Amino acid sequence: MNMFYWAIIVLGAFVAIWILFVAPAERRHHERKLELLQKKIEKRQLQEGQVQNNSSSVQNNDIQES
């Protein structure tokens, strides 16, 4: 029975360490990755918007010249 109690204590310590240290660190890591992805998406959307604005202005100039 003594071995069983030690196993429960060790398992409890492992879970406590996981909850206190590992889980918050993983959450911060995922938040940083999400932030980077959101910045990349915003940057790409801005670039695509500028390309579309440039192409539409070129089309408007073509229409006005005809």
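Up top is the structure.
Below: a short report on this structure.

Rules behind the numbers
Residues numbered from 1 in each chain as written. Predicted model: local features only at pLDDT ≥ 70, side-chain atom pairs only at ≥ 80, totals over all residues. Heavy atoms only, no water. Helix = DSSP H or I, 4+ residues; strand = E, 2+ residues; numbered from the N terminus. Buried < 20%, exposed > 50% of the residue type's maximum accessible area, 1.4 Å probe, protein only. Areas by Shrake-Rupley, 256 points an atom, 1.4 Å probe, with all protein chains shown as cover. Phe/Tyr/Trp six-rings, centres within 6.5 Å; stacked < 30°, edge-to-face > 60°. Patch = residues over 30% accessible without salt bridge, like charges linked within 9 Å, V, L, I, M, F, W, Y side chains within 5 Å. Salt bridge = Lys/Arg side-chain N within 4 Å of Asp/Glu carboxyl O.

Take the overall build of the chain next. Within the chain, the regular secondary structure consists of one helix and zero strands. Per-residue burial for the chain yields a buried fraction of 2% across its 66 residues. Accessible surface computed for the chain: about 6600 Å², of which carbon and sulfur atoms make up 63%.

So, on to the packing of aromatic side chains. All told, the structure shown has two aromatic pairs when counted by the stated rule. Consider the rings of Phe14 and Trp18, whose centres lie 6.2 Å apart with planes at 35°: the pair is tilted. Remark: Trp18 and Phe14 occur in helix 1 (residues 2–65); sequence separation between them is four residues, near one turn of the helix. Residue class for Trp18 comes out partly exposed when judged on its relative accessible area of 40%.

Attention shifts here to a nonpolar patch on the surface. The grouping of Leu11, Phe14, Val15, Trp18 and Ile19 at the surface amounts to a nonpolar patch, some 520 Å² of accessible area in total. Relative to the elements of secondary structure, Leu11 occurs in helix 1. On the accessibility criterion, Leu11 (53% relative accessible area) is exposed.

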